[in-house]
Amino acid sequence: MTSGGDAPGMNAAIRSVVRTCAYYSTECVGIYRGYQGMIEGDFVTMTARSVNNIIQKGGTILKSARSKEFMTAEGRKKACDNLKEHDIDGLVVIGGDGSFTGGVVFNKEHNFPVIGIPGTIDNDIFGTSHTLGYDTALNTAMDAIDKIRDTASSHNRLFFVEVMGRDAGFIALNTGVGAGAEEILIPEEDLGLDRMLESLKKSRRSGKSSSIVVVAEGDKSGRNVYQLAEYVEENMPEYEVRVSVLGHMQRGGSPTCFDRVLASRLGVKAVELLIDGKSNLMVGLKNDKVSTTDLEKAIKGQCEIDMELLRVSDIMTT
Ligand code: F6P
């Protein structure tokens, strides 16, 4: 099943799980709408042919949801009864930290085998260098910022571009560096408004006529992207300031080759682990090798932003 916010590459992961099951002559059942579909018994038997022609598609053919009912013990009991009724004896959850938290609780209560595949554009899961959808979202956001740069430089404007990332600055930092942003605001580091202003003034003095500031959705400056823009406009009247919030377009689109290959590798490993009788693990990528992490650690562990990249960004804005 896929659960939580959808991410490009989820279909490729479904395809991989289904085909690996077929390879090992293991029956595979898809669950629609994540935990909510599990509670409602919304299941479909899947064969290798059910996943033809989906590797390149964004979204998820199994649909996704954030289920409130699964947060209750009664909901989880209903879900477990449904799984047993359909002779299902192992679960692959493709999702982010909320979905994994549900999986851990479900396993503790019902001793049901669960393997997680990290799928979220935010890349905020411990135990993997990349989550499914992150690479695609980076390229989508970077492409959008490149286009904004065209209009920014034509009008000598300063643009604040908000990218997704509720609690993490991975998308902001990497697209910021990739698109040559003058400033990048992320939740992991509070740059401070004065420093941002000083840096923008410095860029202006050095001859730049337009600027881009990339702001992560979860930035901790205490002001939203519109308030930030207002603040700069008040203090730098020489700039015409505009705001662009990229929003959910970052979650859509055909997955990159990287995400498709990652999904294929992780799906194989997830099924093989279940067949080997393993549970409570997340499959991920470490130093380009498929590896496993305790599911609980994947949720609770601290995934660190690359401080070296922040330094590179500072040098690049000279
Ligand atoms: O977790 C992925 C994510 O896209 C976040 O970056 C964003 O804050 C959130 O989901 C948006 O959730 P929803 O689609 O429910 O508004």
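Residues numbered from 1 in each chain as written. Predicted model: local features only at pLDDT ≥ 70, side-chain atom pairs only at ≥ 80, totals over all residues. Heavy atoms only, no water.

Chemist: Can you lay out the pattern of salt bridges for me, pointing to particular residues and giving the numbers?
Modeler: Using the criterion set out here, one finds 16 salt bridges in the structure. With its nearest N and O atoms 2.9 Å apart, the salt bridge here joins Arg33 to Asp42. Relative accessible area serves as the criterion here: at 26%, Asp42 is assigned to the partly exposed category. With a closest N to O distance of 3.1 Å, Arg311 and Glu308 form a salt bridge. Pair noted here: Arg311 and Glu308 are both in helix H11 (residues 307-316), with a separation of 3 residues, about one helical turn. Relative accessible area serves as the criterion here: at 48%, Arg311 is assigned to the partly exposed category. Through salt bridges that share partners, Arg33, Glu40 and Asp42 make up one connected network. (Salt bridge = Lys/Arg side-chain N within 4 Å of Asp/Glu carboxyl O. Buried < 20%, exposed > 50% of the residue type's maximum accessible area, 1.4 Å probe, protein only. Helix = DSSP H or I, 4+ residues; strand = E, 2+ residues; numbered from the N terminus.)

Chemist: Requested: an account of the site of the ligand, with residues and values cited.
Modeler: Surveying the vicinity of the ligand reveals the residues Arg66, Thr120, Ile121, Asp122, Met164, Gly165, Arg166, Glu217, His248 and Arg251. At 2.7 Å from an oxygen atom of the ligand is found a side-chain nitrogen or oxygen belonging to Asp122. Within the side chain of His248, one N or O atom sits 2.9 Å away from an oxygen atom of the ligand. Along the lines of polarity and charge, the residues of the shell around the ligand split into 2 nonpolar, 3 polar and 5 charged. Each of domain 1 (10-133 + 255-300) and domain 2 (135-251) accounts for three or more of the residues forming the shell around the ligand. (Near = heavy atom within 4 Å. Polar contact = N/O pair within 3.5 Å; in protein donor to acceptor, adjacent residues only side chain to side chain. Nonpolar A, V, L, I, M, F, W, Y, C, P; charged D, E, K, R; others polar. Domains from an automatic or database assignment.)

Chemist: Run through the packing of helix H6 (residues 170-178) against H11, naming residues and quoting values.
Modeler: It is the contact of H6 with H11, at a shortest axis distance of 10 Å, that shows an interaxial angle of 35°. Here H6 runs over H11; the crossing is left-handed. Residue-level inspection shows Leu173, Asn174 and Val177 of H6 in contact with H11, the latter providing Leu309, Leu310 and Ser313. Looking at side-chain class alone, the contact of H6 with H11 contains 4 nonpolar, 2 polar and no charged residues. (Axes fitted to C-alpha atoms, helices over the stretch in contact; angles between N-to-C directions. Left-handed = near helix turned anticlockwise from the far one by under 90°. Contact = heavy atoms within 4.5 Å.)

Chemist: I'd like a description of the UniProt feature "binding site: Mg(2+)" (unreviewed entry) in the chain, backed by residues and values.
Modeler: Residues annotated in UniProt with the feature "binding site: Mg(2+)" (unreviewed entry) correspond here to Asp97. Tracing the sequence through the fold places Asp97 in helix H4 (residues 97-110). Among residues more than four places away in sequence, those in contact with Asp97 are Ile125 and Ile299. (UniProt positions renumbered as here; feature names shortened; annotations may be inferred.)

Chemist: So what's going on with the sheet that holds strand E6 (residues 183-185)? Which residues, and what values?
Modeler: An order of E6-E7-E5-E8 is seen for the 4 strands of this open sheet, with the pairing classed as parallel. On the outer flanks of this sheet lie E6 and strand E8 (240-245), each paired with one strand and no other. Adjacent strand axes in the sheet meet at a mean angle of 15° when their direction is disregarded. Across 3 bridges, E6 lies against strand E7 (residues 211-216) in parallel orientation. (Pairing = 2+ DSSP bridges.)

Chemist: Quick one: what's the story with the side chain of Thr136, residue by residue and with numbers?
Modeler: Here Thr136 lies in helix H5 (residues 134-155). For Thr136, a relative accessible area of 3% translates into the label buried. With sequence-adjacent residues up to four places away left out, Thr136 is seen in contact with Pro8, Ser254, Pro255, Thr256 and Asp259.

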